[in-house]
Amino acid sequence: MKLPSLLLALWRRFLLILAYGAGLTLLLCVTFLILKIPPVTALSSLCIGAFGDSESGHIYSISETLIKTTPLLLTGLGVVVAWQAGMFSIGGEGQLLIGALAGMAAGKIGEKIPSSLLTLIIILAGVGAGAFWGYLAGIMRVKRGVQEVISTIMLNYLAIYLVGWMVEGPLQEKARRVSQSDPLPDSVLFARIIPPALTNGSIARLHSGTLIAVLSILVVSFMMYRTRTGFGMRLMGQNPDAAKTARYPIDTLRLRAMAISGGLCGLAGVIELLGVTGRLYANFSPGWGFTAIPVALLGGLTPIGTAASALFFGALTEGSENLARFSGVSSVLIYVIQAAAVLAVVGAKSWQSLRKEA
Amino acid sequence: MQKAEPDPLARMEAITKRYGTATVLRNISFDIRPGEIHALLGENGAGKSTLMHILSGLTRPDSGSISLSGIPAKIDSPREARRLGIAMVHQHFTLVPAFTVAENLTLDSPVKSIFSRFSAMKSADSALSRAHELGWNLPANALIRDLPIGTQQRVEIVKALATDAKLLIFDEPTAVLSASEIEELFGVLRKLRDAGHGIALIAHKLAEILAVADRVTVLRRGEFVASCPVGDTNASQLASWMIGNRDESSIPTKVDKLEIVSDEKQKSVSNPDSEIVFTAKQLIIRGDRGETAINDLDMEVRNGEIFGIGGVDGNGQSELAEVLVGLRSPMSGLLQWNGAEFKPGVTPVTGYIPQDRRRSGLAVTMSVRENLIFEAVREPEYRYGIMLKKRELTSLADTMATQFDIRTNGLDLPASSLSGGNQQKIVVARALHSDPDWIVAVNPTRGLDIHASLFVHSQLRAARLRGAAIVLISTDMDELTALSDRTAILSSGQLTLYDKAESSSLEVGLLLGGWKPSGNTIVGEVI
């Protein structure tokens, strides 16, 4: 590609991002107007919630936003892998929970193992369990033709209730009062990566797990666009008949896509476990695995786009708590806005493709 | 010549239809009178279906006029056609498999009010009694998907009749039926004719036309060839009308001449004693629905030759092609390559030009460049370990695009932005760039204009000169004649060899029309 055309492509991308940003802001304003909240105040209170202000300092708020972003990013990447391969997995939630469950169990069983090694084992257990959960749906599709949309939803229920039972049964805390496990020892958990000096003493919870999530963007990008497997998956997602005719191993690719997608969601589960909660409990996930689908869709099913959209969703979620505090608007409203944003983007996309055909 | 008769039910005059640069119908006139069965005969791509789609409102003509019972009509939708009393019985049924017979029969009936109680049985009553008049007892409460294909077709026919259509169009109705079912269907067609309906019958089997039609019109490549009462003609004449009289070069288009010249030039260079590299013995292949698609077929292909297989679509072509490239396993039979095991893709290196490029050849939403490297991505020379060599793949795609003359505004655009010809060039480029020893091409020029067709042909010839063994499966008899060293016709899962130099076009036409060779009148033995 020559330089001018490269610049032009970058410029176009920049304009696109600008258009998305403007559209989403407009959407927020309209929603606020409908609810009779002054849009400017509401927007600024959202922004302060998500990114802080000069009074309270930016670092703490940004750290909280990134913590909310991390599980959305990883599960979103999981959706990208599966959906790009034409496997419409809805199973992120179950895979995330199973990952956290396996991580917690590994932590309990391996109490005597040196802590840094145990951290690694917990991560691997979580990724492995998530991958297995995804693989199950894959094998049902490949061997028996069961649609993954159905099987992954069912596997979600299995995982949700399995976790519910475990935290009241084998994994419940010693005190046996609440439906939760004992915390993992601090030495096993991820390190806080922001020195307290930067946040005037208040403890920013940002942990090293977020770095793993950022690294995953690169790994997934590499896999989808620079490997044979990724090419095969994308080809299969666009036209399975052509992939078959070109002798791609369709069944293997389907299984791989589901396993990798599940592994990413499982990773989201253990990272939340090791970075934020430290223990497992019944409502461990506020539906990250489901939100992941709009996140990935808003991101155009690309890894980079998904990162941006996960950040947007994370910031909205974090900022809405501040909004609720100051304006009395329920933070649930934010979910309405998130859903409306996805609908707007999907609508814009189909409008674009309609125009192309005409 | 023409008897004084009432106005025909439908008269189509000077109909012309183009798709892009290709003219699929040129100045065609056609009419259907009440109380007659008028057959439309022609090879695949002759334009029969397009002409009837125009009459039934599915397609609009570029020019020409239609009048119904003497009144000019503008038929711009199937709904309008139905209102005007025209119904089409499609080759691929338009029934809902999960609905009952009665429900399917009421699909076309008007809804009176959304509040009125709907009873499928009641609405289907008149249609069912009409079926009864034809001697059919249709199981009103059975689901369509549980019924055998012959019964489904009856439902389809009754559904067409239920709209009080006076003019019925049948698109190759016998293609899916057994011999006894065909007999029955013909009985019904005659009954309908005697009741005063006008029937247009799209067909390519000569015997069927002679058995049931009153009049026949022959089309070839979108041109009108002949029209006459069936009593005034015979199978031989119809056959020669259908495929043209190439021996006298009465219809040499520009393409034919060019091709024949270059073909003869190359023939002299070809190796006369090339060896048999591919053998198939007693090959039996099952289709997707478990039916026998290929029945006990033997074939041999030499290196440096193009073995042409002709015949009308749906006689086992696609199943045979899939077996020849290893995408389908045969039920039984022996396949060998150079006397050893036949493992297409490994030994021999295989190039495949599939029949339907949009369905199985391309991913049109991906970029042109990505579409060019489906196979290359999987070759070790384009990878370091697991990582693709992006630069090498890009330059490979660029080379292929240049070499195969793929015209595009940018290789990063989606393949859907290309014309059909350029899309096909992608498929051809992928099939041929690795210099395969074994090439299977199915209708490689269907839907292409002259230049693109010539290009594909020259690429196949170049591969032949290089020594590749090529199987060309095509419904275009001119293409087969121009390209092939040896030719055969595939009909009902059986292969019949014919010598294109010695067989007259008449004999080929008879073979195509499913007319079985009796005795030794047709030059050909089953190899």
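Everything numeric here is computed off the predicted structure, so don't read it as measured data.

Peer 1: So, the overall build of chain B: which residues are in play, and what are the values?
Peer 2: Scanning chain B from terminus to terminus reveals 17 helices and 22 strands. Burial analysis of chain B (527 residues in total) assigns 50% to the buried set. Summarising the internal contacts of chain B: among those between residues at least 6 apart in sequence, 68% fall at separations of at least 24. For chain B, the computed accessible surface area is about 24100 Å², with 50% contributed by carbon and sulfur atoms.

Peer 1: Residues and numbers for the overall build of chain A, please.
Peer 2: A tally of regular secondary structure across chain A gives 13 helices and zero strands. Taking 358 residues into account, the globule formula puts the C-alpha radius of gyration at 21 Å, and chain A, at 21 Å, falls close to it. Principal-axis analysis of the C-alpha atoms gives chain A an extent of 65 × 60 × 40 Å. Out of the 358 residues belonging to chain A, those deemed buried represent 50%. Restricting the contact set of chain A to residue pairs at least 6 apart, pairs at least 24 apart contribute 71%.

Peer 1: Would you mind going over helix H15 (residues 450–466) of chain B in detail, with residue names and values included?
Peer 2: Residues and elements named next belong to chain B. Taking 1.5 Å as the rise per residue, H15 with 17 residues should run 24 Å; its terminal C-alpha atoms sit 24 Å apart, in good agreement. Burial in H15 covers these residues: Ala452, Ser453, Phe455, Val456, His457, Gln459, Leu460, Arg461, Ala463 and Arg464. Looking one or two residues beyond H15, the residue adopting positive phi is Gly467, at roughly 110°.

Peer 1: Just give me the short version of the environment of Arg486 of chain B, but keep the residues and values in it.
Peer 2: Residues and elements named next belong to chain B. Mapping Arg486 onto the fold places it in strand S21 (residues 486–491). Judged by its relative accessible area of 22%, Arg486 is partly exposed. Taking C-alpha positions, Arg486 is 9.2 Å from Val301, a pair spaced 185 residues apart along the chain. Non-local contacts of Arg486, meaning those with residues more than four positions away in its chain, are made with Glu300, Val301, Arg302, Glu305, Ile306, Phe307, Gly308 and Leu497. In this structure the side chain of Arg486 is engaged in a polar contact, spanning 2.9 Å, whose partner is the side chain of Glu305.

Peer 1: Residue-level account of the sheet that holds strand S11 (residues 276–286) of chain B, with values.
Peer 2: All names here are of chain B. Pairing within the open sheet is antiparallel, and its four strands lie in the order S12-S11-S14-S15. Two strands in the sheet have a free side with no partner beyond their single neighbour: strand S12 (292–302) and strand S15 (340–341). The pairing of S11 with strand S14 (residues 332–337) spans five bridges and is classified as antiparallel. Looking at the pairing, Phe278 lines up with Trp337 of S14. Against the sheet, helix H10 (residues 317–324) makes contact with S11, S12 and S14, and its axis sits at roughly 130° relative to S11, the strand it touches most.

Peer 1: How would you sum up the packing of aromatic side chains? Please name residues and give values.
Peer 2: Under the counting rule described, the total for this entry stands at 13 aromatic pairs over all chains. Ring geometry for Trp83 of chain A and Phe88 of chain A: centres 5.2 Å apart, planes at 80°, overall edge-to-face. Ring geometry for Phe342 of chain B versus Trp438 of chain B: centroids 5.8 Å apart, planes at 90°, classification edge-to-face. In this pair, Phe342 of chain B sits in the loop between S15 and strand S16 (350–353) while Trp438 of chain B sits in strand S19 (residues 438–442), placing the two residues 96 residues apart along the sequence. Grouping residues by exposure puts Phe342 of chain B and Trp438 of chain B together as buried. Between Lys389 of chain B and the ring centre of Tyr384 of chain B, over which it is positioned, the NZ or CZ distance is 4.8 Å. Lying over the aromatic face of Phe455 of chain B, Lys425 of chain B brings its terminal NZ or CZ to 5.3 Å of the ring centre.

Peer 1: Could you give an account of the sheet that holds strand S4 (residues 63–68) of chain B, naming the residues involved and the relevant values?
Peer 2: Residue and element names in this part refer to chain B. Here we have four strands laid out as an open sheet, ordered S2-S1-S4-S5, and antiparallel in their pairing. With one partner strand each, in any of the chains shown, strand S2 (22–32) and strand S5 (71–73) form the two edges of the open sheet. Pairs of neighbouring strands in the sheet enclose a mean axial angle of 30°, with direction left out of account. Relative to S5, S4 runs antiparallel, the two sharing three bridges. Across the sheet, residue Ser67 finds its bridge partner in S5, namely Pro72. Along the sheet, helix H1 (residues 48–55) makes contact with strand S1 (10–19), S2 and S4, crossing S1 at roughly 120°.

Peer 1: Any details on the packing of helix H5 (residues 115–144) of chain A against helix H6 (residues 148–166) of chain A? Residues and values, ideally.
Peer 2: Residues and elements named next belong to chain A. Close contact between H5 and H6 brings their axes to 9 Å; oriented N to C, the two are set at 145°. In this structure, the crossing between H5 and H6 has a hand that is right-handed. Across the interface between the two elements, Trp133, Leu136, Ala137, Met140 and Arg141 from H5 touch Glu148, Ser151, Thr152, Leu155, Leu158 and Ala159 from H6. Considered class by class, the residues forming the contact of H5 with H6 number seven nonpolar, two polar and two charged.

Peer 1: Tell me about the side chain of Thr75 of chain A, and please be specific about residues and values.
Peer 2: Position of Thr75 of chain A among the secondary structure elements: in helix H3 (residues 58–84). Each residue touching Thr75 of chain A, except ones within four places of it in the same chain, is listed here: Leu96, Cys265, Ala268, Trp288, Gly289 and Ala292 of chain A.

Peer 1: Give me the interface of chain B and chain A: which residues, what numbers.
Peer 2: Contact residues are listed per partner, giving 27 residues for chain B and 19 residues for chain A. Taking both partners together, chain B and chain A bury about 2000 Å²; carbon and sulfur atoms supply 59% of that area. At the boundary of chain B and chain A, one finds two salt bridges. Glu370 of chain B is paired through a salt bridge with Arg234 of chain A; the nearest N and O atoms lie 2.7 Å apart. Those elements giving two or more residues to the side of chain B that touches chain A turn out to be S16, helix H11 (357–361) and strand S18 (387–388) of chain B. Broken down by element, the side of chain B that touches chain A gets its largest block of residues, four residues, from H11 of chain B.

Peer 1: Lay out the state of the cysteines with the relevant residues and their values.
Peer 2: Applying the stated rule across the entire model yields zero disulfides over all chains. Distance from the sulfur of Cys29 of chain A, which forms no disulfide, to the nearest cysteine sulfur (Cys47 of chain A) is 10 Å.

Peer 1: Describe the packing of helix H4 (residues 92–109) of chain A against H6 of chain A, naming the residues involved and giving the relevant values.
Peer 2: Residue and element names in this part refer to chain A. At their nearest, the axes of H4 and H6 sit 7 Å apart, and the two run at 30° to each other. Considering the angle they form, H4 stands roughly parallel to H6. Both H4 and H6 take part in a crossing whose hand is left-handed. Note on element contacts: H6 touches H4 through Asn156, Ala159, Ile160, Leu162, Val163 and Met166, opposite Gly92, Glu93, Gly94, Leu97, Ile98 and Leu101. Grouping the amino acids of the contact of H4 with H6 by side-chain chemistry returns eight nonpolar, three polar and one charged.

Peer 1: Explain helix H12 (residues 303–327) of chain A to me, and be specific about the residues and the numbers.
Peer 2: Relative to the 36 Å expected for 25 residues at 1.5 Å per residue, H12 of chain A spans 35 Å between its end C-alpha atoms, a close match to the ideal helical length. Phi turns positive one or two residues past the end of H12 of chain A, at Gly328 of chain A, with a value near 75°.

About the thresholds
- Residue numbers run consecutively from 1 along every chain, following the written order of its sequence.
- Chains and ligands are labelled by the order in which they are written, letters from A for the one and numbers from 1 for the other.
- This being a predicted model, a pLDDT of at least 70 is required before a residue's local features are given, and a value of 80 or more before pairs of side-chain atoms are given or counted; all residues contribute to the totals for chains, interfaces and linings.
- To obtain the side-chain values, all non-hydrogen atoms of the structure were included, while hydrogens and water were left out.
- Here a strand is any run of E in DSSP of at least two residues, a helix any run of H or I of at least four, and the numbering for each starts at the N terminus.
- Relative accessibility under 20% of the residue-type maximum defines a buried residue, over 50% an exposed one, and the middle range a partly exposed one, all with a 1.4 Å probe and only protein chains included.
- Every residue pair with non-hydrogen atoms within 4.5 Å of one another is taken to be in contact.
- All accessibility values rest on the Shrake-Rupley procedure with a 1.4 Å probe; residue burial counts only the protein chains present in the view.
- Computation of the radius of gyration draws on C-alpha atoms, with the globule rule given as 2.2 Å multiplied by the number of residues to the power 0.38.
- What a helix is expected to span follows from its residue count: subtract one and scale by 1.5 Å.
- N or O atoms within 3.5 Å of each other form a polar contact, as long as, within protein, one can give a hydrogen and the other can take it, and as long as residues adjacent in sequence are counted only when both atoms are side-chain atoms.
- For two strands to be treated as a pair, DSSP must find no fewer than two bridges joining them.
- All axes are obtained by fitting lines to C-alpha atoms, using only the stretch in contact for helices, and the reported angles, taken between N-to-C directions, cover 0 to 180 degrees.
- For this analysis, a ring pair means two rings from Phe, Tyr or Trp (six-membered ring only for Trp) whose centres lie within 6.5 Å, classed as stacked if their planes differ by under 30 degrees, edge-to-face if by over 60, and tilted for the remaining angles.
- A ring is scored as having a charge over it whenever the NZ atom of a lysine or the CZ atom of an arginine sits within 6 Å of its centre and within 35 degrees of its normal.
- Note on convention: near helix rotated counterclockwise from far helix by under a right angle means a left-handed crossing. Clockwise means right-handed.
- For this classification, the nonpolar set comprises Ala, Val, Leu, Ile, Met, Phe, Trp, Tyr, Cys and Pro, the charged set comprises Asp, Glu, Lys and Arg, and every other residue, Gly included, is treated as polar.
- We define buried area as the total accessible area lost by two parts upon association, computed with a 1.4 Å probe and summed across both.
- By definition here, a salt bridge exists when the distance from a side-chain nitrogen of Lys or Arg to a carboxyl oxygen of Asp or Glu is within 4 Å.
- Pairs of cysteine sulfur atoms within 2.5 Å are what we label disulfides.
- Throughout this description, any angle smaller than 35 degrees is read as roughly parallel, any larger than 145 degrees as roughly antiparallel, any in the 65 to 115 degree range as roughly perpendicular, and the remainder as oblique.

Treat this as a map of the structure, not an account of what it does.
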